[in-house]
Amino acid sequence: MVTGAAGYVGSRLVPELLRRGHAVVATRTGADPPAVSWADQVEWRRMDVLNLRETVLALAGVDAVVYLIHGLGDADFRHIDREAAENLRDAVDHQGVRRLVYLSGLVPDGSTADLSEHLASRLEVEETLAQSTASTLTLRAAMVVGSGSTSFEMVRQISERLPLIQTIPTWMRDTLVQPIAVADAVHYLAEAVERVDVVGHLDVAGPDRLTYPQLLDLYADIAGLTRIQVTVPGLPQELVGWVAGLLTDIDTPTVQSLMASLRNDMVADLEPIVALGPHNPMPLRESIRRALAVDDADLDGADVAGDPARASAADRV
């Protein structure tokens, strides 16, 4: 079962699982399956993860679950995500599901007390799912690069909609990030489904580590934009998130939640990922180039997320 199957990552994972020969159950929250090219190749089941009974029924006969549901757009998203994770965990135990895979966010080194609400919620969901009786593996990723990814679209739209000068807050200037191409994230998720002996958590990322200003510079170079960066001290995080929300098509609470995570280095420990087999992740320049080359018409009408608080799925990776 792929939850949030019509979401940004789920809509790409389902075809990969089908290619590998798996029978796939896809969840939906609306009355009808979404208009995706593979809709008739899967079994659709309606599931509101905030409804425990419905979730238990949806998991009947399922061997493995890939959990791709997150909420960021609501003020109480942490409570909603926790409730959703508890329901999924209990349903997994009730139905005897053997494998549970979760795509989460990178957790920076140091005290968990310093985490943003966004990352603290991701970690809380991870810990909740790990309490299940299933063989459970969490994959932790930073920015997923691809057309339609919430975090990538934020970089794209801010870069393209700001005028010549880009204002960089001092608290964002030296923070590191290690993005991953969506194709590589999908590969690791599919491997995680099949390698049931690998449990716990693993970081997944591409080979490039860079600061956020360097990321904006790289995007501008690939997109053919001329931008001048100016570092400005004293800009409050809340103000930066509010302005970014105005500049993008992403709802302001989601942007503010993601912005709060930019205070933490989001870099991966990639040595343990060999447990999922050999794989050479795509360089960041190539993943951005591919993201910019994607025609929106080729996305099969996929939504960008899988949000437990909304009827339309929305995956905030």
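Parameters and conventions
- Residues numbered from 1 in each chain as written.
- Predicted model: local features only at pLDDT ≥ 70, side-chain atom pairs only at ≥ 80, totals over all residues.
- Heavy atoms only, no water.
- Helix = DSSP H or I, 4+ residues; strand = E, 2+ residues; numbered from the N terminus.
- Buried < 20%, exposed > 50% of the residue type's maximum accessible area, 1.4 Å probe, protein only.
- Areas by Shrake-Rupley, 256 points an atom, 1.4 Å probe, with all protein chains shown as cover.
- 1 Å grid on protein atoms, 1.4 Å probe; cavity = no way out; pocket = protein on both sides within 12 Å on 5 of 7 lines; lining within 4 Å.
- Points joined across faces, edges and corners; volume = space filled by probe spheres on them.
- Nonpolar A, V, L, I, M, F, W, Y, C, P; charged D, E, K, R; others polar.
- Polar contact = N/O pair within 3.5 Å; in protein donor to acceptor, adjacent residues only side chain to side chain.
- Contact = heavy atoms within 4.5 Å.
- Phe/Tyr/Trp six-rings, centres within 6.5 Å; stacked < 30°, edge-to-face > 60°.
- Salt bridge = Lys/Arg side-chain N within 4 Å of Asp/Glu carboxyl O.
- Patch = residues over 30% accessible without salt bridge, like charges linked within 9 Å, V, L, I, M, F, W, Y side chains within 5 Å.
- Lys, Arg positive; Asp, Glu negative; His and termini not counted.
- Charge placed at Lys NZ, Arg CZ, Asp CG, Glu CD.
- Axes fitted to C-alpha atoms, helices over the stretch in contact; angles between N-to-C directions.
- Parallel < 35°, antiparallel > 145°, perpendicular 65-115°, else oblique.
- Left-handed = near helix turned anticlockwise from the far one by under 90°.
- Pairing = 2+ DSSP bridges.
- Expected span 1.5 Å × (residues − 1).

(A) Inspection of the overall build of the protein chain at higher detail. Scanning the protein chain from N- to C-terminus turns up 11 helices and 12 strands. By residue count, 56% of the 317 residues in the protein chain fall in the buried class. About 13300 Å² of surface is accessible on the protein chain, with carbon and sulfur atoms providing 50% of the total.

(B) Examining the layout of surface pockets more closely. Counted as a void, the largest pocket has a volume near 610 Å³. Contributing to the lining of the largest pocket are 35 residues, with M154, I158, M172, M259 and L262 lying nearest its centre. Counting residues per element, the ones that place at least two in the lining of the largest pocket are α4 (117-129), α5 (150-161), β7 (165-169), α8 (212-223), α9 (237-247) and α10 (252-260). By residue class, the composition of the lining of the largest pocket is 27 nonpolar, six polar and two charged.

(C) Up close: the side chain of S132. Tracing the sequence through the fold places S132 in the loop between α4 and β5 (135-141). Here the side chain of S132 touches T136 through a polar contact of 3.2 Å, side chain to side chain. In this structure, S132 is in contact with R89, V92, D93 and L100, ignoring residues within four places of it in sequence.

(D) Structural context of the packing of aromatic side chains. Counted under the stated rule, the structure contains three aromatic pairs. With 5.7 Å between their ring centres and 15° between their planes, W38 and W44 make a pair best called stacked. For the pair shown, W38 and W44 are each scored as buried. Between F152 and Y219 the ring centres are 6.1 Å apart and the planes differ by 65°, which places this aromatic pair in the edge-to-face class. With F152 in helix α5 and Y219 in helix α8, this residue pair connects regions lying 67 residues apart in the sequence. As far as burial versus exposure is concerned, F152 and Y219 are alike and both buried.

(E) Fine view of the pattern of salt bridges. As enumerated under the stated definition, the model contains 17 salt bridges in all. Two residues, R140 and E126, come together in a salt bridge whose shortest N-O distance is 2.8 Å. In this pair, R140 sits in strand β5 while E126 sits in helix α4, placing the two residues 14 residues apart along the sequence. Assigned by exposure class, R140 and E126 land together as buried.

(F) Representation of a negative patch on the surface in the model. A grouping of D109, D265, D269 and E271 is seen on the molecular surface, where their side chains present a negatively charged patch. With respect to the element layout, D109 can be found in the loop between β4 (99-105) and α4. Assessed through its relative accessible area of 82%, D109 is described here as exposed.

(G) Geometry of the packing of α5 against α8. Two numbers describe how α5 lies on α8: the axes approach to 10 Å, and their chain directions differ by 70°. With respect to α8, the element α5 is oriented roughly perpendicular. Where α5 crosses over α8, the two elements pack in a sense that is right-handed. Contact with α5, carried on its side by F152, V155, R156, S159 and E160, involves L215, L216 and Y219 of α8 and no other residues of that element.

(H) Fine view of the pairing of β4. Of all seven residues in β4, seven are buried, a share of seventy percent or more. Alignment of strand β3 (residues 64-67) against β4, held across four bridges, turns out to be parallel. When the sheet's bridge partners are listed, Y67 is paired in β4 with Y102.

(I) Broad picture of a nonpolar patch on the surface. A surface patch of nonpolar side chains, amounting to about 320 Å² of accessible area, comprises L164, I165, I228 and V230. Its place among the elements puts V230 in strand β12 (residues 228-232).

(J) Representation of α5 in the model. Between its first and last C-alpha, α5 extends 16 Å over 12 residues, near the 16 Å set by a 1.5 Å rise per residue. Among all positions of α5, only T150, S151, F152, E153, M154, V155, R156, Q157, I158 and S159 are buried.

(K) Molecular detail of the sheet that holds β4. Pairing is parallel across the open sheet formed by four strands, whose spatial order is β3-β4-β5-β10. The open sheet terminates on both sides in strands that have one partner only, identified here as β3 and β10 (200-203). Sheet twist, expressed as the mean angle between neighbouring strand axes with direction ignored, is 20°. Relative to β4, helix α7 (residues 182-194) is tilted by about 150°, and along the sheet it contacts β3, β4 and β5.

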